[in-house]
Amino acid sequence: MRSPHTFDPELAAALAMMPEVDITDLAAARAAQGRQVTAALAASDSAGVDVSDFLAPGPPGAPDVTLRVYRPQSRARGAGPLPVVYGIHGGGFVLGSPDVDHDWNLLLCRELEVLVASVDYRLAPEHPFPAALEDCYAGLRALTDHAGALGVRPDRIALWGDSAGAGLAAALTLLCRDRGGPAVCFQHLCSPALDDRLETPSARLFTDTPVWNRDNARRSWDAYLGAEVRATAAVSAYAAPARATAEALAGLPPTYISVMEFDPLRDEGVDYAHALTSASVPTRIRMLPGTFHGAWAVEHATVIRDATEEAIHVLGTALGRR
């Protein structure tokens, strides 16, 4: 049957090879993703990048937090401290690890000559809010606390996230500001999951889109917040940044948001960009035409190649690398 959505032709051609994400059976979804990631890692080329793990003290009473650290070999430790991209992976709050962004992190490290740190946060529903956010904060705190030993610039840290990871990045930006640090100089949010209420036009419309749809979004928020809490007044802006008031958004760092045209999360990203702009936060937004959630995986598509070049340029400019 012909899709009711006008996907970019290159993306439409790739759809048959893209696995569907179904988080109704979470154990099966995690196992399937594990197989896909293992295969992708086996084909990865880390030439020019040193990859290691850094163990950060966890939140009070919680386990330590692992950061996957990517350091460009072209920049010797004695060449001066590096700017940082602090990456937060997606996965609907219930899937994923730094491994899912491995190739992207390698690309950023090589292209920008920055240190990339990807945080391995705890997943819901076993660890609901605020576990993931506090893990992200603990990892970033340790990164700045050990800036000298790690050879990084604590004043040049950009947050990057995709989907639920972008929602966590937005929440972490708020949390860092409200706790008085670490300083975040820029946030780059891709297809961000920001609003648990799922009341936007795109959240209501896109019930059958590839990779991610309204049902998946609802299940992911239920896992993260609890079904009895989601969409109630008990949800804070640290859990769902779309809840932040204009006053709460004032003073945040410059922001770049990209959204996919046929994505239930599209309009919450657009709305957040408008709210930031209204709060006088320098903000850019870009909608990628003909795309769906997760289309970043189709790296050869022209629309994705163009978006990747822009993302690298935006991050590089924010970190003084362009």
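Position numbers for residues count from 1 along each chain, tracking the sequence in the order it is written. It should be noted that, the model being predicted, local features are given only for residues of pLDDT at least 70 and side-chain atom pairs only at 80 or more, the latter also being counted only at that level, while totals for whole chains, interfaces and linings use all residues. Processing note: side-chain calculations cover all non-hydrogen atoms of the structure and skip hydrogens and water entirely.

## Considering the layout of surface pockets
Regions of empty space are outlined by a rolling probe, equal in size to a water molecule, passed over the atoms.
Thought 1: With a 1 Å grid spanning the protein atoms alone, the term cavity applies to any set of points in which a 1.4 Å probe fits but cannot get out, the term pocket to an open set with protein on both sides within 12 Å along at least five of seven lines, and the term lining residue to any residue with an atom within 4 Å of a point. Grid points are joined across faces, edges and corners, and a volume is the space filled by probe spheres set on the points. Taken as a whole, the largest pocket holds about 1,600 Å³ of empty space.
Thought 2: In terms of lining, the largest pocket is formed by 46 residues, of which the most central are Val100, Asp101, Gly294, Trp296 and Ala297.
Thought 3: Helix and strand assignments come from DSSP, with helices taken as H or I runs of at least 4 residues and strands as E runs of at least 2, each series counted from the N terminus. Listed by contribution, the elements that provide at least two residues to the lining of the largest pocket are helix H2 (26-42), helix H3 (102-112), strand E5 (152-162) and helix H11 (302-318).
Thought 4: Considering every element that reaches the lining of the largest pocket, the biggest residue donor is H2, with eight residues.
Thought 5: Class assignment for the residues of the lining of the largest pocket results in 24 nonpolar, eleven polar and eleven charged. We call Asp, Glu, Lys and Arg charged. Ala, Val, Leu, Ile, Met, Phe, Trp, Tyr, Cys and Pro are nonpolar, and the rest, Gly among them, are polar.

## What to know about unusual backbone geometry
Thought 1: Cis peptide bonds are those with omega within 30 degrees of zero, and the linkage from Phe129 to Pro130 qualifies with 10°.
Thought 2: By the element assignment, Pro130 lies in the loop between strand E4 (115-120) and helix H4 (131-145).
Thought 3: Pro182 follows Gly181 through a cis peptide bond whose omega is 0°.
Thought 4: Mapped onto the elements, Pro182 comes out in the loop between helix H6 (164-178) and strand E6 (186-190).
Thought 5: The phi dihedral of Glu113 falls on the positive side, at around 55°, and the residue is not glycine.
Thought 6: Along the polypeptide, Glu113 turns up in the loop between H3 and E4.
Thought 7: The phi torsion at Ala231 lies on the positive side, around 70°, for a residue other than glycine.
Thought 8: Locating Ala231 in the fold gives a position in the loop between helix H8 (214-225) and helix H9 (246-249).
Thought 9: The cut-offs for exposure are 20% and 50% of the maximum accessible area for each residue type, with area from a 1.4 Å probe on protein chains only; residues under the lower value are buried, those over the upper are exposed, and the others partly exposed. Among the residues examined, Ala231 registers a relative accessible area of 41% and is labelled partly exposed.

## Regarding empty space enclosed by the protein
Thought 1: In total, this model carries two cavities of 30 Å³ or more according to the counting rule given.
Thought 2: Here the largest cavity is characterised by a volume of approximately 40 Å³.
Thought 3: Lining the largest cavity, in full, are Gly92, Ser163, Ala164, Ala193, Trp212, Ala217, Ser220, Trp221 and Leu265.
Thought 4: Grouping the constituent residues of the lining of the largest cavity by class yields six nonpolar, three polar and no charged.

## Here's the deal with the pairing of E5
Thought 1: As judged from the six bridges shared by strand E3 (residues 82-88) and E5, these two strands associate in the parallel manner. The partner of Ile88 across the bridge, within E5, is Gly161.
Thought 2: Paired strands are those between which DSSP finds at least two bridges. By the bridge criterion, five bridges tie E5 to E6 in an arrangement that is parallel. Residue pairing across strands places Asp162 opposite Cys190, the latter belonging to E6.
Thought 3: Clockwise travel from the first strand over the helix to the second, with the strands pointing away from the viewer, marks a crossover as right-handed. Once you follow E5 into H6 and on to E6, the crossover reads as right-handed.

## Remarks on the side chain of Asp101
Thought 1: With respect to the helices and strands, the residue Asp101 is situated in the loop between E3 and H3.
Thought 2: Only four residue types enter the charge count, namely Lys and Arg as positive and Asp and Glu as negative; His and the chain termini do not. Basic side-chain nitrogens of Lys or Arg form a salt bridge, by our definition, when they fall within 4 Å of a carboxyl oxygen of Asp or Glu. Although Asp101 is buried, it forms no salt bridge, and the closest oppositely charged side chain is Arg68 at an N-O distance of 10 Å.
Thought 3: We call two residues in contact whenever any of their non-hydrogen atoms come within 4.5 Å of each other. When residues no more than four places from it in sequence are discounted, the contact partners of Asp101 are Ile88, His89, Gly90 and Trp160.

## Quick word on helix H10 (residues 266-278)
Thought 1: To estimate how far a helix should reach, multiply one less than its number of residues by 1.5 Å. Taking 1.5 Å per residue as the helical rise, H10 with its 13 residues ought to reach 18 Å, and the 19 Å between its terminal C-alpha atoms agrees with that figure.
Thought 2: In this structure, the buried residues of H10 make contact with H6, E6, helix H7 (201-205), H9, strand E7 (255-262) and strand E8 (283-292).
Thought 3: At the exit of H10 stands Ser280, carrying a positive phi of roughly 65°.

## Thoughts on the pattern of salt bridges
Thought 1: A complete count under the given rule lists 15 salt bridges for this structure.
Thought 2: Ionic pairing is found between Arg243 and Asp196, a salt bridge with its closest N-O pair at 2.9 Å. One end of the pair, Arg243, is in the loop between H8 and H9; the other, Asp196, is in the loop between E6 and H7, and 47 residues separate them in sequence.
Thought 3: On the accessibility criterion, Arg243 (19% relative accessible area) is buried.

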